[in-house]
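Residue strings, one per chain:
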Amino acid sequence: ELVEAVSEFLEKEIKTTLPNHLAFKTQIAINVLNIVKREQENKELLTKESKEILLTLLSNQEEVNINQLAEQIASGKLDLEDKKLQKALVEITKKKISVDNPKYSTYKKLIK
(Lines give C-alpha, C1' and ligand atoms only; values in the text may rest on other atoms or scores of the structure.)
Protein backbone atom coordinates (compact mmCIF):
# COMPACT_ATOMS: atom_id res chain seq x y z
CA GLU A 1 0.00 0.00 0.00
CA LEU A 2 2.86 2.38 0.77
CA VAL A 3 4.52 1.76 -2.58
CA GLU A 4 1.24 2.43 -4.37
CA ALA A 5 0.63 5.60 -2.34
CA VAL A 6 4.07 6.99 -3.21
CA SER A 7 3.62 6.08 -6.86
CA GLU A 8 0.25 7.82 -7.04
CA PHE A 9 1.59 10.88 -5.21
CA LEU A 10 4.48 11.24 -7.63
CA GLU A 11 2.20 10.72 -10.62
CA LYS A 12 -0.63 13.03 -9.60
CA GLU A 13 0.97 15.68 -7.42
CA ILE A 14 4.64 16.00 -8.33
CA LYS A 15 5.32 14.98 -11.94
CA THR A 16 2.97 17.55 -13.47
CA THR A 17 4.70 20.43 -11.67
CA LEU A 18 8.23 19.58 -12.79
CA PRO A 19 10.24 20.65 -15.83
CA ASN A 20 10.33 18.01 -18.57
CA HIS A 21 13.71 16.50 -17.71
CA LEU A 22 12.72 16.01 -14.07
CA ALA A 23 9.24 14.79 -14.99
CA PHE A 24 10.92 12.13 -17.14
CA LYS A 25 13.13 11.02 -14.25
CA THR A 26 10.12 11.02 -11.95
CA GLN A 27 8.28 8.77 -14.41
CA ILE A 28 11.19 6.33 -14.23
CA ALA A 29 10.85 6.31 -10.43
CA ILE A 30 7.09 5.74 -10.76
CA ASN A 31 7.73 2.82 -13.12
CA VAL A 32 10.19 1.28 -10.66
CA LEU A 33 7.68 1.61 -7.83
CA ASN A 34 5.03 -0.05 -9.99
CA ILE A 35 7.39 -2.94 -10.75
CA VAL A 36 8.03 -3.39 -7.03
CA LYS A 37 4.28 -3.38 -6.40
CA ARG A 38 3.64 -6.03 -9.08
CA GLU A 39 6.52 -8.14 -7.77
CA GLN A 40 5.10 -8.08 -4.27
CA GLU A 41 1.59 -8.89 -5.49
CA ASN A 42 2.65 -11.78 -7.74
CA LYS A 43 5.92 -13.08 -6.31
CA GLU A 44 4.64 -16.31 -4.77
CA LEU A 45 2.60 -17.33 -7.80
CA LEU A 46 5.34 -16.43 -10.29
CA THR A 47 7.99 -18.22 -8.25
CA LYS A 48 5.82 -21.36 -8.04
CA GLU A 49 5.00 -21.32 -11.76
CA SER A 50 8.61 -20.69 -12.78
CA LYS A 51 9.81 -23.47 -10.49
CA GLU A 52 7.34 -25.89 -12.09
CA ILE A 53 8.72 -24.97 -15.52
CA LEU A 54 12.30 -25.46 -14.34
CA LEU A 55 11.48 -28.83 -12.76
CA THR A 56 10.71 -30.19 -16.22
CA LEU A 57 14.19 -29.22 -17.46
CA LEU A 58 16.73 -29.55 -14.70
CA SER A 59 18.39 -32.66 -13.39
CA ASN A 60 19.09 -31.43 -9.85
CA GLN A 61 15.56 -31.21 -8.46
CA GLU A 62 16.74 -29.86 -5.08
CA GLU A 63 18.30 -26.64 -6.39
CA VAL A 64 15.80 -25.61 -9.04
CA ASN A 65 16.45 -21.98 -9.90
CA ILE A 66 17.28 -19.75 -12.83
CA ASN A 67 21.00 -19.83 -12.00
CA GLN A 68 21.05 -23.61 -12.31
CA LEU A 69 19.30 -23.28 -15.68
CA ALA A 70 21.92 -20.77 -16.85
CA GLU A 71 24.76 -23.04 -15.68
CA GLN A 72 23.36 -26.04 -17.52
CA ILE A 73 22.94 -24.03 -20.71
CA ALA A 74 26.48 -22.62 -20.41
CA SER A 75 27.98 -26.05 -19.78
CA GLY A 76 26.14 -27.57 -22.73
CA LYS A 77 24.00 -29.93 -20.62
CA LEU A 78 20.99 -28.17 -22.11
CA ASP A 79 20.98 -27.38 -25.82
CA LEU A 80 19.50 -24.06 -26.92
CA GLU A 81 18.06 -25.85 -29.97
CA ASP A 82 15.92 -28.03 -27.69
CA LYS A 83 12.27 -27.07 -28.30
CA LYS A 84 11.32 -27.90 -24.71
CA LEU A 85 13.98 -25.50 -23.44
CA GLN A 86 12.93 -22.80 -25.89
CA LYS A 87 9.31 -23.08 -24.79
CA ALA A 88 10.36 -22.92 -21.13
CA LEU A 89 12.48 -19.82 -21.73
CA VAL A 90 9.57 -18.09 -23.47
CA GLU A 91 7.23 -18.95 -20.59
CA ILE A 92 9.70 -17.72 -17.95
CA THR A 93 10.27 -14.54 -19.96
CA LYS A 94 6.53 -13.91 -20.21
CA LYS A 95 6.25 -14.21 -16.45
CA LYS A 96 9.10 -11.75 -15.97
CA ILE A 97 7.60 -9.25 -18.43
CA SER A 98 4.22 -9.54 -16.72
CA VAL A 99 5.89 -7.92 -13.72
CA ASP A 100 8.36 -5.59 -15.44
CA ASN A 101 6.07 -4.13 -18.09
CA PRO A 102 2.67 -5.75 -18.66
CA LYS A 103 1.79 -2.98 -21.14
CA TYR A 104 4.67 -3.97 -23.44
CA SER A 105 3.23 -4.65 -26.90
CA THR A 106 5.27 -7.81 -27.50
CA TYR A 107 4.11 -9.19 -24.17
CA LYS A 108 0.50 -8.58 -25.15
CA LYS A 109 1.11 -10.53 -28.38
CA LEU A 110 2.79 -13.39 -26.49
CA ILE A 111 -0.08 -13.91 -24.08
CA LYS A 112 -2.70 -14.15 -26.83
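Up top is the structure.
Only a predicted model underlies this, so the values are computations on that prediction, with no experimental measurement involved.

Asker: Summarise the nonpolar core; cite the residues concerned and give the values.
Answerer: Counting 10 residues, the largest nonpolar core is built from Ile53, Leu54, Leu57, Leu58, Val64, Leu69, Leu78, Leu85, Ala88 and Ile92. When residues of this core are traced back to their parent elements, those giving at least two are helix 2 (20-55) and helix 4 (83-100). Ranked by the residues each element gives to this core, the list is headed by helix 4, at 3 residues. Discounting chain neighbours no more than four positions away, the residues touching Leu85 are Leu57, Leu69, Ile73, Leu78, Asp79 and Leu80.

Asker: Run through the pattern of salt bridges, naming residues and quoting values.
Answerer: A side chain of one charge can pair with a side chain of the opposite charge when the charged atoms of the two come close. Under the definition given, this model contains 6 salt bridges. Here Glu41 makes a salt bridge to Lys37, at a shortest N to O gap of 4.0 Å. Here Lys37 and Glu41 lie together in helix 2, a separation of 4 residues that amounts to about one turn. What makes Glu41 exposed here is its relative accessible area of 53%. Salt-bridge contacts for Glu52 lead to Lys48; the nearest nitrogen and oxygen are separated by 3.9 Å. Here Glu52 pairs with Lys48, and both are found in helix 2, just 4 residues apart, close to one helical turn. Classification of Glu52 as partly exposed rests on a relative accessible area of 42%. Residue Lys48 is classed as exposed on the basis of its relative accessible area, which comes to 54%.

Asker: Explain the packing of helix 2 against helix 4 to me, and be specific about the residues and the numbers.
Answerer: Axis separation between helix 2 and helix 4 bottoms out at 8 Å; the angle between their running directions is 170°. Taken together, the axes of helix 2 and helix 4 are roughly antiparallel relative to one another. Here Ile35, Arg38, Glu39, Leu46, Glu49, Ser50, Ile53 and Leu54 of helix 2 lie close against helix 4, whose contacting residues are Ala88, Glu91, Ile92, Lys95, Lys96, Ser98, Val99 and Asp100. Classifying every residue of the contact of helix 2 with helix 4 by side-chain character gives 7 nonpolar, 2 polar and 7 charged.

Asker: Can you break down the packing of helix 1 (residues 2-14) against helix 2 residue by residue, with the values?
Answerer: Running from amino to carboxyl end, helix 1 crosses helix 2 at an angle of 160°, the nearest separation of the two axes being 9 Å. Here helix 1 lies roughly antiparallel to helix 2, going by the angle between them. Considering the relative orientation of helix 1 and helix 2, their crossing is left-handed. Contact residues: Val3, Glu4, Val6, Ser7, Leu10 and Glu11 in helix 1; Thr26, Gln27, Ile30, Leu33, Asn34, Val36 and Lys37 in helix 2. The residue inventory of the contact of helix 1 with helix 2, partitioned by class, reads 6 nonpolar, 4 polar and 3 charged.

Reading the values: rules and limits
- Residues numbered from 1 in each chain as written.
- Predicted model: local features only at pLDDT ≥ 70, side-chain atom pairs only at ≥ 80, totals over all residues.
- Heavy atoms only, no water.
- Core = buried A, V, L, I, M, F, W, Y, C linked by side-chain atoms within 4.5 Å.
- Buried < 20%, exposed > 50% of the residue type's maximum accessible area, 1.4 Å probe, protein only.
- Helix = DSSP H or I, 4+ residues; strand = E, 2+ residues; numbered from the N terminus.
- Contact = heavy atoms within 4.5 Å.
- Salt bridge = Lys/Arg side-chain N within 4 Å of Asp/Glu carboxyl O.
- Axes fitted to C-alpha atoms, helices over the stretch in contact; angles between N-to-C directions.
- Parallel < 35°, antiparallel > 145°, perpendicular 65-115°, else oblique.
- Nonpolar A, V, L, I, M, F, W, Y, C, P; charged D, E, K, R; others polar.
- Left-handed = near helix turned anticlockwise from the far one by under 90°.

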